[in-house]
Amino acid sequence: MKIILLGPPGSGKGTYAQMLEPKFKRISTGDLLRHINKNTKIGKEISDILSEGRLVPDDIVIKLIEKEINKENIVFDGFPRTLEQAKLLDKITTIDKVVLLKVSDDIIIKRLAGRMQCLKCGRVYHIKNNPPKKKGICDNCFSILHRREDENAIKKRLKIYNKNIKQIYDYYNKKEILYEIDAERTIKEIFKDLEKLLNEK
Ligand code: AP5
Ligand code: MG
């Protein structure tokens, strides 16, 4: 099964995608882009785009994910971000379900203020809502947790998300594979609904 988690920055795409592992392979375009070597010309350009909260060009992102689609069960986290990406994805694989996580801007800003992320394995934490077992250390790979460089660009990221989401929403809604989840509840409640939705035929 191939699923997509859609939602604004800070809505919890990474959090729920990592909870679906290892049953699903998680493909996070954000994590893939953050791992590109900054010491190359293209790497430096991508890193600047990320810190400013802009979108990386579609052709670069598609090339990155193409080689990652090598498992039966996949959850896409943060992809597609444009209608063009959604159309290109349909050329390389078939998507079963698309889940939109609905969260208001106020809540997003509070959540991102407490987020810590492992830049090595991509695991996401929150200092209060979802803390690691040992303060500042990743439960999964024991690396030091960081705040992301693009946290200050949240207004820009939200603006770009709001500009693009309608077209992506309409695209999947027309195919009758779009589902919505109220993502302003607890992580446990949201994940329970998500699992139920994925288990339905
Ligand atoms: P990306 O890494 O995808 O970032 P994003 O979409 O801005 O989303 P975030 O990762 O910030 O949030 P999230 O929804 O994963 O929430 P999280 O689980 O962390 O992309 C970064 C950049 O890369 C983009 O801006 C762009 O430049 C580039 N990029 C990426 N993909 C691209 C593409 N396809 N095309 C072009 N460019 C691309 O949760 C947030 C916090 O809330 C955490 O602390 C978490 O613990 C907490 N939390 C989660 N759920 C709950 C809850 N229910 N209650 C309380 N706290 C919660
Ligand atoms: Mg994320």
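You'll find the structure just up there.
Since this is a predicted model, take the numbers as computed values, not measurements.

(A) Looking closely at helix H3 (residues 41–52). End to end, H3 covers 17 Å across 12 residues, agreeing with the expected 16 Å (1.5 Å per residue, within 8%). Contacts from the buried residues of H3 go to helix H2 (29–34) and helix H4 (58–66). A positive backbone phi angle near 80 degrees is found at Gly-53, which sits one or two residues after H3.

(B) Layout of the nonpolar core. Ranked by size, the top nonpolar core spans 29 residues in total, and within it Ile-4, Leu-6, Phe-76, Leu-89, Val-98 and Tyr-172 carry the most contacts. Listing elements by their share of this core, those giving two or more residues are strand S1 (2–6), H3, H4, strand S3 (74–77), helix H5 (83–92), strand S4 (97–102) and helix H7 (154–174). With five residues, H7 is the largest single contributor of residues to this core. Leave out the neighbours within four places in its chain, and Ile-4 touches Phe-76, Phe-79, Pro-80, Leu-89, Ile-95, Lys-97, Val-98, Val-99 and Tyr-172. Membership of the second largest hydrophobic core comes to 21 residues, among which are Ala-17, Leu-20, Phe-24 and Leu-197.

(C) Looking closely at the sheet that holds S4. Strand order in this open sheet of five strands is S2-S3-S1-S4-S8, and the pairing throughout is parallel. Sheet topology places strand S2 (25–28) and strand S8 (178–182) at the edges, where each strand pairs with a single neighbour. Between one strand axis and the next, the sheet turns through 25 degrees on average, direction left out of account.

Cut-offs and rules
Residues numbered from 1 in each chain as written. Chains lettered and ligands numbered in written order. Predicted model: local features only at pLDDT ≥ 70, side-chain atom pairs only at ≥ 80, totals over all residues. Heavy atoms only, no water. Helix = DSSP H or I, 4+ residues; strand = E, 2+ residues; numbered from the N terminus. Expected span 1.5 Å × (residues − 1). Contact = heavy atoms within 4.5 Å. Core = buried A, V, L, I, M, F, W, Y, C linked by side-chain atoms within 4.5 Å. Buried < 20%, exposed > 50% of the residue type's maximum accessible area, 1.4 Å probe, protein only. Pairing = 2+ DSSP bridges. Axes fitted to C-alpha atoms, helices over the stretch in contact; angles between N-to-C directions.

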